[in-house]
Protein chains: 2
Amino acid sequence: MNILYVYAHPNPESLNHLLKQQAADLFTAENIEVSYSDLYSDHFNAVASWHDFSSEMQQLQYMLAQQKAYEENKLTTDIKSEIKKITAANHIILQFPLWWFSTPAILKGWLDRVLVKGFAYDTGKIFDAGLLKGKTASLTVTTQSSESAYQIQGVHHATIDTFLHHIQHTLRFTGIEMLPPYVIYGAVDAERKKKEYKDYLRNIIS
Amino acid sequence: MNILYVYAHPNPESLNHLLKQQAADLFTAENIEVSYSDLYSDHFNAVASWHDFSSEMQQLQYMLAQQKAYEENKLTTDIKSEIKKITAANHIILQFPLWWFSTPAILKGWLDRVLVKGFAYDTGKIFDAGLLKGKTASLTVTTQSSESAYQIQGVHHATIDTFLHHIQHTLRFTGIEMLPPYVIYGAVDAERKKKEYKDYLRNIIS
């Protein structure tokens, strides 16, 4: 088993950081091969643009320019490095706080820049025929609101699944199978969650 | 009427750019007051972090640090400038290409960094009681896939509303009322869309 752990939280004092540390301890204890993309600490560039490849692709649509750059080995080093990690991984974990009912921008930028046409999907090669078929992924998410807010009857009039859908749909589009997410709602007892998260991860790696 | 037009597309040769130009021409012709936030051309910083305010807020959660910085007038100039534009606006238009079923990261970063607690919402001051109540907003969106893909029976098994929901929910959370979006699916005749988009905008400003 080879895991890619993509982590997007700015605060090393956070519950998110603690969870990531717990995951790392477990993977070490269980001898699981794992790569980390700690987007904040790596100062990952969030903004997809023509700086991602050579200037001669200037006039193409960004997505088509990405594909051409991938095929001609002209993507920037940071993108190539993420592509290499995804290629090696059997399972990808995205861990992030839910900000405005989605990922933090830095993680959205990772999806925008790294899931390149020609690498992750292609014309007619999406979903069940996606180029990343065979891999699995899961989301580890913390929310500000309590669990009661994420109910049809709650303040958001929807469960968390509604808000995670566009992220899971993105990964599914490339052929990746989504495992159930791990969600921590509101403020919680961090010590209790440490154990619970390890049990959750054990299910993924077993 | 005062409009804030937030625009997130990297390519000045794009259909998106053409649409923005059409909007600008219409607003000029109709004497509508409008501010533009052209996120790519402004090199808007997409990544929420402690660089957004003074270092003494280091240990707080990002959202709480935002609120404190807002109250103490310690937000960075770029964020203060956007807050000023939102304050002045009656209507906010977000124009973007749908990338991975959401906004480009640079626009997500605008939401993350600018919709500050204490300014846009507060404890108990959300949705109908949100601090931006009285304003309206709308989304102008282009998609790669055709309209037939965005159907329950289509390849995405959902309409575009499903994917725009988390963005609209974000603005609604602050009390903003969402007007119907303007969506251009797939490749289209740009000339035809120019007129259609102007008609759509006329409904907003009338």
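None of these values were measured; they are calculated from a predicted model.

1. Some remarks on the interface of chain A and chain B
Put simply, an interface is often sized by how much accessible area is lost when its parts join up. At the junction of the two partners, chain A supplies 42 residues and chain B supplies 42 residues. When the two sides are added together, the surface that chain A and chain B hide from each other amounts to roughly 3,400 Å², 69% of it contributed by carbon and sulfur. Applying the counting rule to chain A against chain B returns zero salt bridges. Taken together, chain A and chain B are joined by 17 residue pairs in polar contact (both at pLDDT 80 or more). Looking at the side of chain A that touches chain B, the elements with two or more residues in it are helix 2 (62-71), helix 4 (105-114) and helix 5 (160-173) of chain A. The dominant element in the side of chain A that touches chain B, judged by the number of residues it contributes, is helix 5 of chain A, at seven residues. Among the residues making up the side of chain A that touches chain B, the classes are represented as 23 nonpolar, 16 polar and three charged.

2. Focus on the relation of the copies chain A and chain B
Mapping chain A onto chain B calls for a screw motion: a turn of 180° about the axis and a shift of 0.0 Å along it, with 0.0 Å RMSD after fitting. What the rotation and shift describe, once combined, is the action of a two-fold rotation axis. Of every C-alpha in chain A, the one belonging to Ala105(A) sits nearest the axis of rotation, 2.4 Å from it. Taken as a fraction of all interface residues of chain A, those also at the interface in chain B reach 100%, which identifies the copy contact as same-surface.

3. Here's the deal with the packing of helix 4 of chain A against helix 4 (residues 105-114) of chain B
Axes are the key here: two packed helices are described by the angle between their axes and the distance separating the axes. Viewed as axis vectors pointing N to C, helix 4 of chain A and helix 4 of chain B meet at an angle of 175°, and their least axial separation amounts to 8 Å. On the basis of the axis angle, helix 4 of chain A is roughly antiparallel to helix 4 of chain B. Across from Ala105(A), Lys108(A), Gly109(A) and Asp112(A) in helix 4 of chain A, the residues of helix 4 of chain B making contact are Ala105(B), Lys108(B), Gly109(B) and Asp112(B). Broken down by class, the residue content of the contact of helix 4 of chain A with helix 4 of chain B amounts to two nonpolar, two polar and four charged.

4. A closer look at the pattern of salt bridges
Side chains that carry opposite charge are capable of pairing whenever their charged atoms lie near each other. Residues and elements named next belong to chain B. Under the defined criterion, the tally for this structure stands at 18 salt bridges over all chains. In this structure, lysine 20 and aspartate 38 form a salt bridge, with 3.2 Å as the shortest nitrogen-oxygen distance. Of this pair, lysine 20 sits in helix 1 (residues 15-29) while aspartate 38 sits in strand 2 (residues 33-38), placing them 18 residues apart in sequence. By the burial criterion, lysine 20 is buried, and aspartate 38 matches it. In this structure, lysine 85 and glutamate 82 form a salt bridge, with 3.3 Å as the shortest nitrogen-oxygen distance.

5. Thoughts on the confidence of the model for chain A
Low-pLDDT portions of the prediction should not be read for the details of their coordinates. Model confidence for chain A is summarised by a mean pLDDT of 92, while 95% of its residues fall at 70 or above. Our summary of model confidence lists the complex with pTM equal to 0.95 and ipTM equal to 0.95.

6. Considering helix 1 of chain B
Between its first and last C-alpha, helix 1 of chain B extends 21 Å over 15 residues, near the 21 Å set by a 1.5 Å rise per residue. Buried residues of helix 1 of chain B: Asn16(B), Leu19(B), Lys20(B), Gln22(B), Ala23(B), Ala24(B), Leu26(B) and Phe27(B), and no others.

7. A closer look at the packing of aromatic side chains
Geometry of an aromatic ring pair is reported as the spacing of the ring centres plus the angle between the planes. All told, the structure shown has 38 aromatic pairs over all chains when counted by the stated rule. Centroid distance Phe101(A) to Phe163(A): 5.0 Å. Interplanar angle 35°. Geometry classified as tilted. Of this pair, Phe101(A) sits in the loop between strand 3 (91-97) and helix 4 while Phe163(A) sits in helix 5, placing them 62 residues apart in sequence. By relative accessible area, Phe163(A) is classed as buried at 0%. Each member of the aromatic cluster is reached from another via a ring pair, and the members are Trp100(A), Phe101(A), Tyr150(A), Phe163(A), Tyr185(A), Tyr121(B), Phe127(B) and Phe173(B). Sitting over the ring of Tyr7(A), Lys20(A) keeps its end group 4.8 Å from the ring centre. When the ring centre of Phe44(A) is taken as reference, the NZ or CZ atom of Arg113(A) above it lies at 5.2 Å.

Reading the values: rules and limits
- Residues numbered from 1 in each chain as written.
- Chains lettered and ligands numbered in written order.
- Predicted model: local features only at pLDDT ≥ 70, side-chain atom pairs only at ≥ 80, totals over all residues.
- Heavy atoms only, no water.
- Contact = heavy atoms within 4.5 Å.
- Buried area = accessible area lost by both parts, 1.4 Å probe.
- Salt bridge = Lys/Arg side-chain N within 4 Å of Asp/Glu carboxyl O.
- Polar contact = N/O pair within 3.5 Å; in protein donor to acceptor, adjacent residues only side chain to side chain.
- Helix = DSSP H or I, 4+ residues; strand = E, 2+ residues; numbered from the N terminus.
- Nonpolar A, V, L, I, M, F, W, Y, C, P; charged D, E, K, R; others polar.
- Least-squares fit on C-alpha atoms with pLDDT ≥ 70 in both.
- Axes fitted to C-alpha atoms, helices over the stretch in contact; angles between N-to-C directions.
- Parallel < 35°, antiparallel > 145°, perpendicular 65-115°, else oblique.
- Buried < 20%, exposed > 50% of the residue type's maximum accessible area, 1.4 Å probe, protein only.
- pLDDT = per-residue confidence, 0-100.
- Expected span 1.5 Å × (residues − 1).
- Phe/Tyr/Trp six-rings, centres within 6.5 Å; stacked < 30°, edge-to-face > 60°.
- Lys NZ or Arg CZ within 6 Å of the ring centre and 35° of its normal.

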